[in-house]
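Next come the chains, spelled out residue by residue.
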Amino acid sequence: YNRGNNKQDIFLDNEDFRFFLLRLRQNLLPSNDVKVRIKPLPANSFSLLTYNLMPNHFHFLLRQNSNIPTTKLILKVCTSYSMYFNKKYKCLGQVFQDQYKQVVIGDERYLKWLSAYIHQNSKVAGLVDNLEDYPWSSYPDFIGARNDNLCNVKMILEQFESRDDFKSFVEGSF
């Protein structure tokens, strides 16, 4: 996770959210069909399990599938986004407060709790009443309301009997 410098917003409009997700997608799921100026990481280096982009910060739940450190992915995405943000808003300097923070997940119970925490962020912050209404989160993909392939929802959902059990767990967690 990481947040804006001085806790300032890093996503000011929908285009900002979309660009950030585009850069994330280009690095997680590189395609030979699309010409991009960035050099993406090798395919399947990471699996994104959940995400939530908030106006002033973001959360990712990542699985490292190779010996490439997570710093490579986060640095590529955040650097590209910072360049975009500074150019668009005619700013100078850093967009993000500090180096991103990460926590190693030791067991399935913590994995389940963390997925719920990340998905609940937009509701706890008062951005939405219903989690499925927040478009900048992977939650709609988990409950079947959207079918985006950015996240590997299977890794989390296999911890539950059904999507409904997952939904009950997440919405009853906080």
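Residues numbered from 1 in each chain as written. Predicted model: local features only at pLDDT ≥ 70, side-chain atom pairs only at ≥ 80, totals over all residues. Heavy atoms only, no water.

Regarding the environment of Ser138
Point 1. Looking at where Ser138 falls in the secondary structure, it is placed in the loop between α3 (108–124) and α4 (139–142).
Point 2. Counting along the chain gives 24 residues from Ser138 to Ser162, while the straight-line C-alpha distance between them is 17 Å.
Point 3. Discounting chain neighbours no more than four positions away, the residues touching Ser138 are Thr50, Tyr51, His119, Arg146 and Cys151.
Point 4. Polar contacts involving the side chain of Ser138 include one to the main-chain amide nitrogen of Tyr51, which spans 3.0 Å.
Point 5. A polar atom in the side chain of Ser138 sits 2.7 Å from the side chain of His119. (Helix = DSSP H or I, 4+ residues; strand = E, 2+ residues; numbered from the N terminus. Contact = heavy atoms within 4.5 Å. Polar contact = N/O pair within 3.5 Å; in protein donor to acceptor, adjacent residues only side chain to side chain.)

Considering unusual backbone geometry
Leave glycine aside and you will find that most residues have negative phi; peptide bonds, for their part, are mostly trans.
Point 1. Even without being glycine, Asn6 reaches a positive phi, approximately 60 degrees.
Point 2. For Asn6, the location among the structural elements is in the loop between β1 (2–3) and α1 (14–28).

Some points on the confidence of the model for the protein chain
Point 1. Overall, the predicted model of the protein chain reaches an average pLDDT of 92, with 97% of residues at or above 70.
Point 2. At the level of individual helices and strands, the protein chain shows its lowest average pLDDT in β1, which scores 92, and its highest in strand β2 (residues 46–54), which scores 97. (pLDDT = per-residue confidence, 0-100.)

Considerations on the pattern of salt bridges
Point 1. With the rule as written, the count across this model stands at 6 salt bridges.
Point 2. The partner of Lys88 in a salt bridge is Glu15, and the shortest N-O contact between them spans 3.1 Å. Of this pair, Lys88 sits in helix α2 (residues 70–88) while Glu15 sits in helix α1; the two residues are 73 residues apart in sequence, bridging distant segments of the chain.
Point 3. Exposure remark for Lys88: the relative accessible area of 27% places this residue in the partly exposed category.
Point 4. Take Glu15: its relative accessible area is 44%, and that puts it in the partly exposed class.
Point 5. Through salt bridges with shared partners, a single network forms among Asp13, Glu15, Asp16 and Lys88. (Salt bridge = Lys/Arg side-chain N within 4 Å of Asp/Glu carboxyl O. Buried < 20%, exposed > 50% of the residue type's maximum accessible area, 1.4 Å probe, protein only.)

Regarding the pairing of strand β3 (residues 57–64)
Point 1. Pairing of β1 with β3, which is carried by 2 bridges, proceeds in the antiparallel orientation. Across the sheet, the residue bridging to Asn2 is Phe58, located in β3.
Point 2. In this structure, the hairpin formed by β2 and β3 is closed by a connection of 2 residues. (Pairing = 2+ DSSP bridges.)

Overview of the pairing of β2
Point 1. Burial analysis of β2 places 9 of its 9 residues in the buried class, which makes it a mostly covered element.
Point 2. Pairing of β2 with β3, which is carried by 8 bridges, proceeds in the antiparallel orientation. For Leu53, the partnering residue across the bridge sits in β3 and is Phe58.

Comments concerning the layout of surface pockets
Point 1. The computed volume of the largest pocket comes to approximately 580 Å³.
Point 2. Around the largest pocket sit 26 residues that line it, and Phe60, Leu61, Leu62, Gln102 and Val103 are the ones nearest its centre.
Point 3. Counting only elements with at least two residues in the lining of the largest pocket, the list comes to β3, α2 and α3.
Point 4. Each residue belonging to the lining of the largest pocket can be placed in one class, and the counts come to 17 nonpolar, 5 polar and 4 charged.
Point 5. Of the voids in this model, the second largest pocket is the one considered here, and its volume is about 370 Å³.
Point 6. Along the walls of the second largest pocket sit 14 residues, with Arg23, Arg37, Ile38, Ser80 and Met83 positioned nearest its centre.
Point 7. Residue assignment for the lining of the second largest pocket shows that the elements contributing at least two residues are α1 and α2.
Point 8. Top element by residues in the lining of the second largest pocket is α2. It accounts for 7 residues.
Point 9. Classifying every residue of the lining of the second largest pocket gives 6 nonpolar, 4 polar and 4 charged. (1 Å grid on protein atoms, 1.4 Å probe; cavity = no way out; pocket = protein on both sides within 12 Å on 5 of 7 lines; lining within 4 Å. Points joined across faces, edges and corners; volume = space filled by probe spheres on them. Nonpolar A, V, L, I, M, F, W, Y, C, P; charged D, E, K, R; others polar.)

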